[in-house]
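What follows is the residue order along each chain.
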Amino acid sequence: HFRESIVLKGTSYPSDSWTNIPPSILQKVGRDLHNRKHHPISLIKLRIKNFFYNNFLRRGSPIFSVYDNLSPVVTLKQNFDNLLVPVDHPSRAQSDSYYFNRSHMLRAHTTAHQKDLIMSGLNSFLIMGDVYRRDTVDASHYPVFHQVDGVRLFTQEELFTSVRDPIGLSLFEKTVGERLQDKQEVHSLEAVKLVEHDLKSTLERLAHHLFGKESEIQWVDAYFPFTHPSWELEIKYQDKWLEVLGCGIIEQEILRSGGAANQIGWAFGLGLERLAMKLYNIPDIRLFWSENPDFLSQFQVDDPETLITYKATSKYPQCICDISFWIPDNYKENDFYDLVRTVGGDLVEKVDLVDKFFHPTHRRQSHCYRVIYRHMEKTLTQAAVNVIHNNLRQEAAKELGVELR
Ligand code: PHE
């Protein structure tokens, strides 16, 4: 049911069996909320950029360079292979990412550019941009969001400058050892510990810069295919631990094949919407896409460090509609969630799978979803919602091959 090709900014991507980008997603490409003056996403982006510009200088100039204008259209190689993502990794599934075809996709993380920038000779940089993922539908998930990635590489001299007597210290083991919980095969323990310390102290300072000096933070172990060891940073916010970023020591194979074999480095990646929702008290992720002046006007500040607490105009009532159908064999829940976005747009606040039923004699599986509709700026009538919901029922039958109940 997708066109023969998808045309974006003058380039045509021929469709194949991998194509799964609906028009509603394509329309978001180029909105560039992270580059829009006074938008909350760009305010947080600026705070992070300023933190790195102001705190990391070499002979008076910033060490980090910023890339915030790279096209979100990338190859699968950039998004996955360059980062050593295994061929059977779940993030490669058609149900999880948006594909133009089997060679091109909308990036699922800004890490997709890491290897290219390393290959171009950079050793300290930030990547900022829009990323695209198929996911569930609720107040904190949206198929487009924004990320910041950071990378810092060190030569042996740079890493050991602060060590008084670096004789005998090296980035690498003389003979390749084993991969351990706290280091890769090729790295020396002293190098890894120094890079880990630099990474963690940098990100702790960033967290305190964003959330205030008093905010409580903790590190938890994590896994990413492109870093080892890896961690996540959590911040205590309103008595709950909130995961804010992933990071780790870059897999040496990425540096080696990227032409930086004699360096060691760290990388991190964080999501801007999640930070902005906490920092500005924004209750629903759809608001970032709103053109409503009641929303946008609250962020018209010249200094991005200004404290802002969003004041919601009172919420308009919900309209709730259920839909039940028998699912076909190759059905994926994310196919339905995408369809709801396509048909209902930003009127859809949440979709819940409320019931699953297996018919023992017909050996068929049925799903029931509850779709919650709510307009951010006015009251929806049940009659208007019924029109959309009926449309959704028809499209589900047509596009997904489900049998309505
Ligand atoms: N790309 C990862 C994500 O989207 C974050 C990450 C970036 C983790 C760089 C480690 C290093 O979740």
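Refer to the structure presented above.
Report on the accompanying structure. (Residues numbered from 1 in each chain as written. Predicted model: local features only at pLDDT ≥ 70, side-chain atom pairs only at ≥ 80, totals over all residues. Heavy atoms only, no water.)

### Let's talk about the overall build of the chain
From N to C terminus, the chain includes eleven helices and 17 strands. Relative to the 2.2 N^0.38 estimate, which gives 22 Å for 405 residues, the radius of gyration of the chain is 23 Å and therefore close to what a compact globule would have. Along the three orthogonal principal directions, the C-alpha set of the chain runs to about 75 × 50 × 45 Å. The buried share of the chain, reckoned over its 405 residues, is 49%. Put simply, 64% of the contacts in the chain that link residues at least 6 apart link residues at least 24 apart. Accessible area of the chain: about 19,400 Å², with a carbon and sulfur share of 50%. The chain carries 47 positive and 52 negative side-chain charges, and their two centres are separated by 3 Å. (Helix = DSSP H or I, 4+ residues; strand = E, 2+ residues; numbered from the N terminus. Rg over C-alpha atoms; globule rule 2.2 N^0.38 Å. Buried < 20%, exposed > 50% of the residue type's maximum accessible area, 1.4 Å probe, protein only. Contact = heavy atoms within 4.5 Å. Areas by Shrake-Rupley, 256 points an atom, 1.4 Å probe, with all protein chains shown as cover. Lys, Arg positive; Asp, Glu negative; His and termini not counted. Charge placed at Lys NZ, Arg CZ, Asp CG, Glu CD.)

### Quick word on the site of the ligand
Residues in contact with the ligand amount to 13 residues; listed here are only the nearest, H109, T111, R133, Q147 and G269. Between an oxygen atom of the ligand and a side-chain N or O atom of Q147, the distance comes to 3.0 Å. Here the shell around the ligand gets three residues from one element, more than from any other, and that element is strand β13 (residues 263-271). Each residue belonging to the shell around the ligand can be placed in one class, and the counts come to five nonpolar, six polar and two charged. (Near = heavy atom within 4 Å. Polar contact = N/O pair within 3.5 Å; in protein donor to acceptor, adjacent residues only side chain to side chain. Nonpolar A, V, L, I, M, F, W, Y, C, P; charged D, E, K, R; others polar.)

### Re the pattern of salt bridges
Pairing is possible between side chains of opposite charge, provided their charged atoms come close. Within this structure, the stated rule accounts for 25 salt bridges. R47 serves as the salt-bridge partner of E305, at 2.9 Å between the closest nitrogen and oxygen. Here E305 is found in the loop between α9 (293-296) and β14 (319-326), whereas its partner R47 is found in helix α2 (residues 40-55), with 258 residues between them in sequence. The class of E305 is partly exposed, set by a relative accessible area of 28%. A salt bridge links D335 to R134; the shortest N-O distance between them is 2.9 Å. With D335 in helix α10 (residues 333-344) and R134 in the loop between β8 (124-132) and β9 (144-155), this pair connects stretches of sequence that are 201 residues apart. For D335, a relative accessible area of 22% puts it in the partly exposed group. (Salt bridge = Lys/Arg side-chain N within 4 Å of Asp/Glu carboxyl O.)

### Digging into the sheet that holds β13
Pairing is mixed in the open sheet, where seven strands are placed in the order β5-β8-β9-β13-β12-β11-β10. One side of each edge strand has no neighbouring strand; the edge strands of this open sheet are β5 (65-67) and β10 (217-224). Averaged over all pairs of adjacent strands, the angle between their axes in this sheet comes to 25°, without regard to strand direction. This element, α2, spans β5, β8, β9 and β13 of the sheet and lies at about 165° to β8. Docked against the sheet, helix α6 (residues 189-211) engages β9, β10, β11 (227-237), β12 (240-250) and β13, running at close to 25° with respect to β13. (Pairing = 2+ DSSP bridges. Axes fitted to C-alpha atoms, helices over the stretch in contact; angles between N-to-C directions.)

### A few points about the packing of α10 against helix α11 (residues 382-400)
Packing of α10 against α11 leaves a shortest axis separation of 10 Å and a crossing angle of 135°. The pairing of α10 with α11 is recorded here as oblique in orientation. Crossing of α10 against α11: the hand is right-handed. Note on element contacts: α11 touches α10 through I388, N391, L392, E395, A396, E399 and L400, opposite D335, F336, L339, V340, V343 and G344. When its residues are assigned to classes, the contact of α10 with α11 shows eight nonpolar, two polar and three charged. (Parallel < 35°, antiparallel > 145°, perpendicular 65-115°, else oblique. Left-handed = near helix turned anticlockwise from the far one by under 90°.)

### Observations regarding unusual backbone geometry
A negative phi holds for most residues other than glycine; trans holds for most peptide bonds. Geometrically, the link from H228 to P229 is a cis peptide bond, its omega value of -10° lying close to zero. With respect to the secondary-structure elements, P229 resides in strand β11. The phi dihedral of Q238 falls on the positive side, at around 45°, and the residue is not glycine. The residue Q238 is located in the loop between β11 and β12 in this model. In this structure, N281 takes a positive phi of about 65° despite not being glycine. Inspection of the secondary structure assignment puts N281 in the loop between α8 (272-280) and α9. The class for N281 is partly exposed, based on a relative accessible area of 41%.

Function-wise, these values are silent; they only describe arrangement.
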